[in-house]
Amino acid sequence: MKKTIVNIAPAVAETPRTKRVAAYARVSCGKDTMLHSLAAQIDYYRDYIMMNPEWRFAGVYADESKTGTKDNREQFQLLLTECRSGNIDMVITKSISRFARNTVDTLNYTRELRSLGIPVIFEEHGLNSIYPESEFLITIHGAFAQSESEGISSRV
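From a predicted model like this one, the values you see are computed outputs, not experimental measurements. (Residues numbered from 1 in each chain as written. Predicted model: local features only at pLDDT ≥ 70, side-chain atom pairs only at ≥ 80, totals over all residues. Heavy atoms only, no water.)

**Student:** Please give an account of the overall build of the chain that cites residues and values.
**Tutor:** Across its full length, the chain carries five helices and five strands. Secondary structure elements of the chain occur, N-terminal to C-terminal, as β-α-β-α-β-α-α-β-β-α. Burial analysis of the chain (156 residues in total) assigns 38% to the buried set. Look at the contacts in the chain between residues 6 or more apart in sequence, and 68% of them connect residues 24 or more apart. Split by element, the accessible area of the chain, about 9,600 Å² in all, is 56% carbon and sulfur. (Helix = DSSP H or I, 4+ residues; strand = E, 2+ residues; numbered from the N terminus. Buried < 20%, exposed > 50% of the residue type's maximum accessible area, 1.4 Å probe, protein only. Contact = heavy atoms within 4.5 Å. Areas by Shrake-Rupley, 256 points an atom, 1.4 Å probe, with all protein chains shown as cover.)

Quick look at the structure:
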């Protein structure tokens, strides 16, 4: 009787797809101390993302602008373009006030990114925008950020 030999390929452990993670940072003005803060944020996020073995560094998008209430933030717009193009899977930022200081914009951008399956992680607030239930807290923090910005503008 002839033996039948069956070759069975060894099981290959499936590895989860590596997430392409980008960060967004912003400072409000061009003062030297703020530029130092921006450089520190860029270094922090680059190192933070690169240390996570499940993440792949997709860049730090950083704007030096007078306000977070306008859409003229070049790097922020580039970040959104990369997200819309499918090149980024997750965005990390320090806080809602760094992301945007206009409540409507904050909600519109987080909703758009959520519809693309891209969470925005707001570290300071411990919020992940991918969960619809986080929207209430994002709205409240966004309103505080907008109010703070309006207060600063009226004093200036």
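**Student:** Can you explain helix H2 (residues 74-84)? Please cite residues and give values.
**Tutor:** Restricting attention to buried positions, one finds in H2 the residues Phe 76, Leu 79, Leu 80 and Cys 83. One face of H2 carries all of its buried residues, which in axial projection span an arc of 95°. At its buried positions, H2 is contacted by strand E1 (19-27), strand E2 (55-64), strand E3 (90-93), helix H3 (96-99) and helix H4 (103-115). (Arc of directions from axis to C-beta.)

**Student:** I'd love a proper account of the packing of aromatic side chains, names of residues and values included.
**Tutor:** Scanning the entire structure with this criterion turns up seven aromatic pairs. Taking 5.1 Å as the distance between ring centres and 80° as the angle between the ring planes, the aromatic pair formed by Phe 76 and Phe 99 counts as edge-to-face. Within this pair, whereas Phe 76 is found in helix H2, its partner Phe 99 is found in helix H3, the two being separated by 23 residues in sequence. Phe 76 sits in the buried class, given a relative accessible area of 0%. Seen from their ring centres, Phe 76 and Tyr 109 are 5.0 Å apart, and the 70° between their planes marks the pair as edge-to-face. Here the residue Phe 76 occupies a position in helix H2, and Tyr 109 occupies one in helix H4, the gap between them amounting to 33 residues. Accessibility classification places Phe 76 together with Tyr 109 in one group, the buried group. (Phe/Tyr/Trp six-rings, centres within 6.5 Å; stacked < 30°, edge-to-face > 60°.)

None of this, on its own, says anything about what the molecule does.
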